[in-house]
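Structural overview
The chain contents come next:
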Amino acid sequence: MEVIVKESYDEVSRLSAELIADLIRRKPRAVLGLATGSTPLGTYKELIRLHKEDGLDFSKVTTFNLDEYVGLVHEHPQSYHFFMWENLFKHLNVNAKNVHIPDGTAKDIPEFCRKYEEDIIRAGGLDLQLLGIGGNGHIAFNEPGSSLGSRTRVKTLDDRTRQDNARFFRNMNEVPRYAITMGIGTIMDARQLILLANGAGKAEAIANTCEGPITAIVPATIVQLHPKATIIVDKPASAKLTREYPAEPHVLVLA
Ligand code: F6R
């Protein structure tokens, strides 16, 4: 696990976009796992810039999103479908057929979740999963106490997560109570993980994730077991770390 501390959110976003772009340049048919929320917005802006200015080609890329609220139609402004098309996909040359986002309106949700797992495998598995982190240490909507081996399924959202996300809805009653989410086992199967965090509100979750014991109470701590995980944080999110961390990824230079 590599922890990188950047001066600013912009620098966090640039590095994370560069790592994703590097994968796509090496593997044009890359399978990306994507996240929503405010954290990856800077990364998405930078990917859009790389597409428009440097010709980064998404035409063969396949994507799978981490999660979606149960009950929100795709056109709902707070649905993750809407978020992903508005903030990323509509600005890229991505093929809509290669875009996968959990369907919160599916009639048979357990069957949908089973098929989502199958579709990831059929696509060749996730090459890279981009993650944010909840203030409570959740990844995707795997709330504290989630099984560390879990697969895609429905989860009840924690009160804290609902409160954190209430800013996007008119009132608390409108905040969905359930979400479909990739499981922790699903995420850990990705060949590479990039976890981003910015702001002081994430400092405790980041300290636990990087330096605490692995526990289902802080689901993100599982990334310590991943063979290729990069955690990129800005200064405020790094405030509770006790060790020194570099500002650049480790590059092995062979003579
Ligand atoms: C979103 C997701 C969530 C968020 C987390 C942080 O797809 O999986 O785990 O990454 O709640 O959200 P923000 O970035 O809004 O602080």
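Residues numbered from 1 in each chain as written. Predicted model: local features only at pLDDT ≥ 70, side-chain atom pairs only at ≥ 80, totals over all residues. Heavy atoms only, no water.

**Quick look at the site of the ligand**
How we decide: Whether a residue is near a molecule or strand depends on its heavy atoms: it is near if one of them lies within 4 Å of it. The definition of a polar contact used here is a pair of N or O atoms within 3.5 Å, where within protein one atom must be able to donate a hydrogen and the other to accept one, and adjacent residues in sequence count solely through side-chain atom pairs. Note on areas: Shrake-Rupley with a 1.4 Å probe; residue coverage comes only from the protein chains shown.
Near the ligand lie 14 residues; those nearest to it are Thr39, Asp67, His138, Ala140 and Lys202. Thr39 places a side-chain nitrogen or oxygen 2.4 Å from an oxygen atom of the ligand. Between Ala140 and the ligand, the recorded distance is 2.8 Å, taken from a backbone N or O atom to an oxygen atom. Bound to the protein, the ligand loses 92% of the 410 Å² it would expose on its own.

**Comments concerning the pattern of salt bridges**
Just so we agree on the cut-off: Counted as salt bridges are all cases of a side-chain nitrogen of Lys or Arg within 4 Å of a carboxyl oxygen of Asp or Glu. Starting at the N terminus, helices and strands are each numbered in turn, a helix being any DSSP run of H or I of at least four residues and a strand any DSSP run of E of at least two. Per-residue accessibility, obtained with a 1.4 Å probe over protein chains only, is compared with the maximum for each type, and a residue is labelled buried under 20%, exposed over 50%, and partly exposed between these values.
Inspection of the entire model under this criterion finds 18 salt bridges. Close ionic contact of Lys6 with Glu248 constitutes a salt bridge, the shortest N to O distance being 3.0 Å. Here the residue Lys6 occupies a position in strand β1 (residues 2–6), and Glu248 occupies one in the segment after β10 (229–234), the gap between them amounting to 242 residues. For Glu248, a relative accessible area of 47% corresponds to the partly exposed category. With a shortest N-O distance of 3.3 Å, Arg26 and Asp22 are connected by a salt bridge. On the criterion of helical spacing, the pair formed by Arg26 and Asp22 is a turn pair, its members being four residues apart in helix α1 (residues 9–26). By relative accessible area, which is 55% here, Arg26 ends up exposed. Salt bridges linked by common partners bring Glu111, Arg114, Lys115, Glu118, Asp119 and Arg122 together as one network.

**Focus on the pairing of strand β7 (residues 153–156)**
The condition that has to hold: The rule for pairing is simple: two strands pair if DSSP sees at least two bridges between them.
The alternating pattern of β7 places Arg153 and Lys155 on a buried face and Val154 and Thr156 on a face that is not buried. Relative to strand β8 (residues 178–181), β7 runs antiparallel, the two sharing four bridges. Its bridge partner lying in β8, Val154 is registered against Ile180.

**Considerations on the sheet that holds strand β5 (residues 99–100)**
Strand order across the open sheet formed by seven strands is β1-β10-β9-β6-β2-β3-β5, with parallel pairing between neighbours. The outermost strands of the open sheet, each flanked by one partner alone, are β1 and β5. In terms of strand pairing, strand β3 (residues 62–65) meets β5 through two bridges, oriented parallel. Along β5, the bridge assignment pairs Thr63 with Val99.

**Topic: the packing of aromatic side chains**
How we decide: Stacked, tilted and edge-to-face pairs are distinguished by plane angle, under 30 degrees for stacked and over 60 for edge-to-face with tilted covering the rest, among Phe, Tyr and Trp rings (Trp via its six-membered ring) whose centres lie within 6.5 Å.
The final tally for this structure, using the stated rule, is seven aromatic pairs. Taken together, a centroid distance of 5.8 Å and an interplanar angle of 35° make the contact between Tyr69 and Phe141 tilted. Placement of the pair is Tyr69 in strand β4 (residues 67–69) and Phe141 in the loop between β6 (128–131) and β7, with a sequence separation of 72 residues. Accessibility classification places Tyr69 together with Phe141 in one group, the buried group.

**Quick look at the packing of helix α2 (residues 41–54) against helix α3 (residues 80–87)**
Formally: Angles run from 0 to 180 degrees between N-to-C directions of axes, and those axes are lines fitted to C-alpha atoms, restricted for helices to the stretch in contact. Between 65 and 115 degrees an angle is taken as roughly perpendicular, under 35 as roughly parallel, over 145 as roughly antiparallel, and anywhere else as oblique. When checking whether two residues touch, look at their non-hydrogen atoms; a contact exists if any pair is within 4.5 Å. Residues were grouped as follows: Ala, Val, Leu, Ile, Met, Phe, Trp, Tyr, Cys and Pro as nonpolar; Asp, Glu, Lys and Arg as charged; and all remaining residues, including Gly, as polar.
Packing of α2 against α3 leaves a shortest axis separation of 10 Å and a crossing angle of 40°. In terms of orientation, α2 lies oblique with respect to α3. Of α3, the residues touching α2 (which contributes Leu41, Tyr44 and Ile48) are Phe83, Met84 and Asn87. Of the residues contributing to the contact of α2 with α3, the split by class is five nonpolar, one polar and no charged.

**Focus on the side chain of Lys202**
Here is the rule: Neither His nor the chain ends is counted toward charge; the positive residues are Lys and Arg and the negative residues Asp and Glu.
Secondary-structure assignment places Lys202 in the loop between β9 (193–197) and α7 (203–211). The buried charged residue Lys202 lacks any salt bridge, with Asp164 as its nearest oppositely charged partner at 7.2 Å. Of note is the side chain of Lys202, whose polar atom sits 3.0 Å from the backbone oxygen of Ile133.

**Quick look at the pairing of β6**
Residues Leu128 and Leu130 point to one face of β6 and Gln129 and Leu131 to the other, with burial holding for every one of them. Pairing analysis gives two bridges linking strand β2 (residues 31–34) to β6, with the strands arranged parallel. Bridging from a neighbouring strand, Leu32 pairs with Leu128 of β6. Pairing between β6 and β9: three bridges, direction parallel. Looking at β9, one finds that Leu131 is bridged to Leu195.

The values are spatial; any link to function lies outside them.
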